[in-house]
Amino acid sequence: MTREQVLKVVSKHLMDAVDGLEESKIDPARSMKDLGANSLDIVEVVSRSMRELKVKVPRSELSKLTNINELVDTLLKAASTAPEQRA
Amino acid sequence: MGVDTHSAAALVQLSLSPDFDHVGILRIADADGRNALSEPLVHALLARLAEAAQDERIHCLVLCGLPDVFCAGASRDMLASIVQGRIAPTDILLSKAVLDLPMPVVAAMAGHAIGGGLALGLCADILVLARESRYGASFMNMGFTPGMGITKLLEHVMSPALAAEILFSGEPRRGRDFIGMTGVNYIVPRVEVEERAFAVAARIAEKPRTSLQLLKRTLSLPRRQAFEATRTMESLMHEISFGQPDAAKRIEENYD
């Protein structure tokens, strides 16, 4: 799985969560909150992305993330872990 | 538990509408706690609900929250107390207090309503939701079974099949996702929620209180009966689901 693929999954769910958000407006250096997502939207974007990518990241790790790039890197790292090590 | 009357009054405000005769306003306003059902907030809510029930001037009550959160369900501390056995979920009689109010209740749910917060809103007779806000039953996301009567209350406004999906999946859906799928009275832009709720309440409040009270008792009877039956089942499920060895860990890992 590539980084671009992970970003595409996150972007898709983010666009679904935030009314009127277009892909061209998604700057991964920004936070989802900056792009109009509220706390429940963010939880939903992350949980849908994890489900689609078949990865699980602990809440404690997710709470430290400050922007979309960091989320993508975290999800990519989890996806590259051997399946038997996935929580 | 002792409750500071002053701070309790600040958490939940009960007032008469300055604009509409005989319309009461009960606002859940714990901004610091994000309207999560903590013990002080539950006590304050119960106290204000009891006052509202006794107030003959109120013909119709509008239940409101903060602009972005109507009610967020049990707080982390409250869930910890339940897991430790200090509080039984059935002791949380908020749903019953709203269902038993003698006057019609309009829930103006402009902000999110999750878990017990959604159950609280569903106890109202008439519901106004916001297109942008999210509504869901998060119980199962944290590994325990639903409570506060929501197991049956959801079916007041949606089909049993849709209610089952909301309860099993724990997915917090946006108000707009429910348009055309439920019997919710109004799903409007967030900024219009309270205006719509008060317009409905004003029209109801013109009627004689005694007749409103009689009709309320009659119309709410199926929900009150369903709630009583559900409480028994929910309580049995809670004894098992909260008693699981990993219950506390699951809540800690999945509380949002």
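Residues numbered from 1 in each chain as written. Chains lettered and ligands numbered in written order. Predicted model: local features only at pLDDT ≥ 70, side-chain atom pairs only at ≥ 80, totals over all residues.

> Could you give an account of the overall build of chain A, naming the residues involved and the relevant values?
For chain A, the count of helices and strands is four helices and zero strands. Along chain A, helices (α) and strands (β) appear in the sequence α-α-α-α when read from the amino end. In terms of C-alpha radius of gyration, chain A reaches 12 Å, essentially the compact-globule figure of 12 Å for 87 residues. Overall, the C-alpha framework of chain A stretches about 40 × 25 × 20 Å when taken along its three principal axes. (Helix = DSSP H or I, 4+ residues; strand = E, 2+ residues; numbered from the N terminus. Rg over C-alpha atoms; globule rule 2.2 N^0.38 Å.)

> Residue-level account of the interface of chain B and chain A, with values.
Taken together, the eight residues of chain B in the interface contact seven residues of chain A. Grouping the amino acids of the side of chain B that touches chain A by side-chain chemistry returns one nonpolar, two polar and five charged. (Contact = placed C-beta atoms within 7 Å. Nonpolar A, V, L, I, M, F, W, Y, C, P; charged D, E, K, R; others polar.)

> Describe the sheet that holds strand S9 (residues 173-174) of chain B, listing the residues and the values that go with them.
Spatially, S4-S6-S8-S9 (chain B) is the arrangement adopted by the four strands of the open sheet, whose pairing is mixed. Bordering the open sheet on either side are strand S4 (69-71) and S9 of chain B, each of which pairs with just one other strand. (Pairing = 2+ DSSP bridges.)

> Please provide a residue-by-residue account of the confidence of the model for chain A, values included.
With 93% of its residues at a pLDDT of at least 70, chain A reaches an overall mean of 89. At the low end of the mean pLDDT range in chain A sits helix H3 (residues 59-62) of chain A, at 85; at the high end sits helix H1 (residues 3-17) of chain A, at 95. (pLDDT = per-residue confidence, 0-100.)

> Describe the confidence of the model for chain B, listing the residues and the values that go with them.
All names here are of chain B. Per-residue confidence for chain B gives a mean pLDDT of 92, with 95% of residues at or over 70. A low-confidence stretch, residues 1-6 (pLDDT under 50), is modelled with six contacts involving residues beyond four sequence positions or located in other chains. Our summary of model confidence lists the complex with pTM equal to 0.88 and ipTM equal to 0.73.

> Summarise the nonpolar core; cite the residues concerned and give the values.
Within the largest apolar cluster, 77 residues are counted, with the highest numbers of intra-cluster contacts made by Val62, Val106, Ala108, Met109 and Ala201 of chain B. With seven residues, helix H8 (residues 193-205) of chain B is the single largest residue contributor to this core. Those residues in contact with Ala108 of chain B, other than ones at most four positions away along the chain, are Val62, Leu63, Cys64, Val128, Val193, Glu194 and Ala197 of chain B. The next biggest cluster of nonpolar side chains, apart from the first, holds 19 residues, and it includes Ala17, Val18, Ile42 and Val57 of chain A. (Core = buried A, V, L, I, M, F, W, Y, C linked by C-beta atoms within 7 Å. Buried ≥ 20, exposed ≤ 12 C-beta atoms within 10 Å, placed from the backbone.)

> Kindly report on the packing of H1 of chain A against helix H4 (residues 68-80) of chain A, identifying the contributing residues and their values.
Residues and elements named next belong to chain A. Two elements in contact, H1 and H4, have axes whose closest approach is 9 Å; the angle formed by their N-to-C orientations is 120°. The orientation of H1 relative to H4 falls into the category oblique. Both H1 and H4 take part in a crossing whose hand is right-handed. Here H1 contributes Arg3, Val6, Leu7 and Val10 to the contact with H4, which in turn contributes Ile68, Leu71, Val72, Leu75, Leu76 and Ala79. Taken together, the residues of the contact of H1 with H4 break down into nine nonpolar, no polar and one charged. (Axes fitted to C-alpha atoms, helices over the stretch in contact; angles between N-to-C directions. Parallel < 35°, antiparallel > 145°, perpendicular 65-115°, else oblique. Left-handed = near helix turned anticlockwise from the far one by under 90°.)

> Quick rundown of the environment of Met140 of chain B? Include the residues and the values.
Residue and element names in this part refer to chain B. Looking at the element boundaries, Met140 is found in the loop between strand S8 (134-136) and helix H6 (150-153). With 40 residues separating them in the primary sequence, Met140 and Gly180 have C-alpha atoms 26 Å apart. Those residues in contact with Met140 that sit more than four places away from it in its chain are Leu167, Phe168 and Gly170.

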